[in-house]
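Fold and contact review
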Amino acid sequence: IMDKDDLILPKDFPKLKNDAFLLACRGQETPHVPVWCMRQAGRYLPEFRESRAGKDFFATCRSPSACCELTLQPLRRFPFDAAIIFSDILVIPQAMGMDVQMVAGKGPTFPEPLKEPEDLLLLQSKVDVNKELDYVFKAITLTRHKLEGKVPLIGFTGAPWTLMAYMIEGGGSTTQSKAKRWLYRHPEASHQLLKMLTDIIVEYLLGQVAAGAQALQVFESHAGCLGPAEFQEFSLPYLRDIARKVKDQLKESGQDVPMIVFAKDGHYGLEDLSQSHYEVVGLDWTIDPRSARERTGGKVSLQGNMDPCALYAPKERIYEIVKKMLEGFGTRGYIANLGHGLYPDMDPENVGAFVEAVHAHSRHLLNLK
Ligand code: 1CP
């Protein structure tokens, strides 16, 4: 019998009942293709809007019970094969001492973004993640208990370049020109910042696993504004470092969790990404499933990549699109997802139709074998 206080300890977790997602990460056979959606905990759900109403976004991130509730909401509606902890990638810049606010209608905003290399001196370069990001770890532990073994729990982080871009841009940007200015004008300071972020990210991910995360996704959401050469210099080495270091450290304690790298719009880096120690490469919708398979040479599992906007289509059309996607990727070493996150105006019913289509059509394909 569990005492309420036991829910805060990262041990005696309930037995996992559905391991399709974890098996697919490792390229093993599954009874159906597992599916989850980026931003599955989000504003398209009325219950999410209700829970979040009038509350500060980052205050919500700091409340383990709120994060747990928001993580579980989509799973009560849909038979997703994985949960992703409700949090945000920008908790790392906050832990480094930067102020980040969520401004309604505008998104995340840094009142004082980094402007010149001297500003790096203002950052906390060594972060005690167990102190500064303890609230994320608590949310993961609580959620892992409350999931009752239904599906595995995914932890995540922003990748160094993506976080650097937010820290310099001060928020969302279409060109990332302020951040890219650093790459061309201050390459050394850029590497210094990327290295600093990498060290924190490694500790952060290890902390998430210790807290109960069963898989880890690294979001390089701003890969698309880099060209192949800039990607090679400023993104890929750090992505590799993160996977290598996390895996080496986990191995020492006899652990191993699958890692997913999602470099949005980074199709030029697909071959490299498939050889960067991640078990899974996430894909946006601009990549054709068959060519992604060819280019990654069966070395990794693939995750993605339906255009989120296809969810605006009628249900029958969604089924047809899913069918094509499954036939392109095949049923082995594949995790169905969208090519990016759900948008707030999407109809939850169509999300359900997407999940149902993946399960039904993949079972059909697997039965034909
Ligand atoms: O109040 C709200 O609901 C605001 C919307 C929102 C949500 C639901 C934000 C603001 N963050 C989140 C949660 C979140 N963020 C999750 C939760 C789990 C889930 O997916 O269900 C995750 C994984 C993230 C990760 C995240 N935050 C990324 C990487 C994924 C991606 O979208 O590329 C990025 C880039 C962010 C920054 C961020 N946070 C929020 C917004 C609107 C943005 C994008 C800002 C921009 O670039 O314009």
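Cut-offs and rules
Residues numbered from 1 in each chain as written. Predicted model: local features only at pLDDT ≥ 70, side-chain atom pairs only at ≥ 80, totals over all residues. Heavy atoms only, no water. Disulfide = S-S within 2.5 Å. Buried < 20%, exposed > 50% of the residue type's maximum accessible area, 1.4 Å probe, protein only. Near = heavy atom within 4 Å. Polar contact = N/O pair within 3.5 Å; in protein donor to acceptor, adjacent residues only side chain to side chain. Areas by Shrake-Rupley, 256 points an atom, 1.4 Å probe, with all protein chains shown as cover. Nonpolar A, V, L, I, M, F, W, Y, C, P; charged D, E, K, R; others polar. UniProt positions renumbered as here; feature names shortened; annotations may be inferred. Helix = DSSP H or I, 4+ residues; strand = E, 2+ residues; numbered from the N terminus. Phe/Tyr/Trp six-rings, centres within 6.5 Å; stacked < 30°, edge-to-face > 60°. 1 Å grid on protein atoms, 1.4 Å probe; cavity = no way out; pocket = protein on both sides within 12 Å on 5 of 7 lines; lining within 4 Å. Points joined across faces, edges and corners; volume = space filled by probe spheres on them. Pairing = 2+ DSSP bridges. Contact = heavy atoms within 4.5 Å. Axes fitted to C-alpha atoms, helices over the stretch in contact; angles between N-to-C directions. Core = buried A, V, L, I, M, F, W, Y, C linked by side-chain atoms within 4.5 Å. Salt bridge = Lys/Arg side-chain N within 4 Å of Asp/Glu carboxyl O.

**Quick notes on the state of the cysteines**
Per the counting criterion, the structure on display carries 0 disulfides. The thiol sulfur of Cys61 is not disulfide-bonded, and the nearest other cysteine sulfur, from Cys67, lies at 5.5 Å. Exposure remark for Cys61: the relative accessible area of 1% places this residue in the buried category. Take Cys68: it sits in no disulfide, and the sulfur closest to it among the cysteines is that of Cys67, at 8.7 Å. A residue is classified by how much of its surface remains accessible, and Cys68, at 4% relative accessible area, is buried.

**Some details on the site of the ligand**
Lining the immediate surroundings of the ligand are 21 residues, of which Arg52, Asp88, Tyr166, Ser221 and His340 lie closest. Between the ligand and Arg52 there is a distance of 2.7 Å, counted from an oxygen atom to a side-chain nitrogen or oxygen. The side chain of Asp88 places a nitrogen or oxygen atom 2.8 Å from a nitrogen atom of the ligand. Within the complex, 86% of the 880 Å² of free accessible area of the ligand lies under protein. Among the residues forming the shell around the ligand, the class breakdown is 12 nonpolar, 5 polar and 4 charged.

**Let's talk about the UniProt feature "domain: Uroporphyrinogen decarboxylase (URO-D)" (unreviewed entry) in the protein**
Within this structure's numbering, the places UniProt gives as "domain: Uroporphyrinogen decarboxylase (URO-D)" (unreviewed entry) are residues 34-43 and 154-170. As a span, residues 34-43 carries 0% helix and 0% strand, and end to end its C-alpha atoms are 23 Å apart.

**So, helix α8 (residues 160-169)**
Here α8 lies mainly inside the structure; 10 of its 10 residues are buried. What α8 keeps buried is the set Pro160, Trp161, Thr162, Leu163, Met164, Ala165, Tyr166, Met167, Ile168 and Glu169. Of the residues trailing α8, Gly170 is marked for its positive phi of about 80 degrees.

**A closer look at the packing of aromatic side chains**
Any aromatic ring pair is given by two values, namely how distant the centres are and how the planes are angled relative to each other. Across all of its chains, the model carries 9 aromatic pairs by this definition. Through a chain of ring-to-ring contacts, the aromatic side chains of Phe48, Phe57, Phe58 and Phe86 assemble into a single cluster.

**Focus: empty space enclosed by the protein**
Considering all chains together, one arrives at 3 cavities of 30 Å³ or more under this definition. Looking at the largest cavity, its volume works out to about 40 Å³. If you go around the largest cavity, the residues you meet are Ala263, Gly266, His267, Leu270, Leu273, Val281, Gly282, Leu283, Asp284 and Ile287. Taken together, the elements giving at least two residues each to the lining of the largest cavity come down to α13 (270-273) and β7 (280-282).

**Here we look at the sheet that holds strand β4 (residues 153-158)**
Backbone-to-backbone hydrogen bonds join strands into a sheet, with any given pair of strands oriented parallel or antiparallel. Pairing in this open sheet of 7 strands is parallel, and the strands run β1-β4-β5-β6-β7-β8-β9 from one edge to the other. Strand pairing shows two members of the sheet lacking a second neighbour, β1 (83-84) and β9 (334-338), which therefore form its edges. In the sheet, strand β6 (residues 259-263) pairs with β7 via 3 bridges, with the strands oriented parallel. Each bridged residue has a counterpart across the sheet, and for Val261 the counterpart in β7 is Val281. Contacts between helix α10 (residues 187-211) and the sheet are confined to β4, β5 (215-220) and β6, with β4 contributing the most and set at about 170 degrees to the helix.

**Some words on the nonpolar core**
Phe21 and Phe354 are the most contacted members of the largest nonpolar core, which totals 133 residues. Counting residues per element, this core draws most heavily on α10, which supplies 13 residues.

**Some points on the pattern of salt bridges**
Pairing is possible between side chains of opposite charge, provided their charged atoms come close. All chains considered together, the criterion is met by 17 salt bridges. With its nearest N and O atoms 3.8 Å apart, the salt bridge here joins Glu279 to Arg26. Pair noted here: Glu279 is in the loop between α13 and β7 and Arg26 is in the loop between α1 (20-25) and α2 (46-52), with a separation of 253 residues, a long-range link. Under the relative-accessibility criterion, Glu279 is labelled buried at 17%. Residue classification places Arg26 among the partly exposed residues on the basis of a relative accessible area of 34%. Here Asp241 makes a salt bridge to Lys245, at a shortest N to O gap of 3.1 Å. With a gap of 4 residues between them, Asp241 and Lys245 both fall in helix α12 (residues 236-252), about one helical turn apart. A relative accessible area of 29% places Asp241 in the partly exposed class. Of the residues examined, Lys245 reaches a relative accessible area of 32% and is grouped as partly exposed. Linked through salt bridges whose partners overlap, the residues forming this network are Arg26, Lys247, Asp256 and Glu279.

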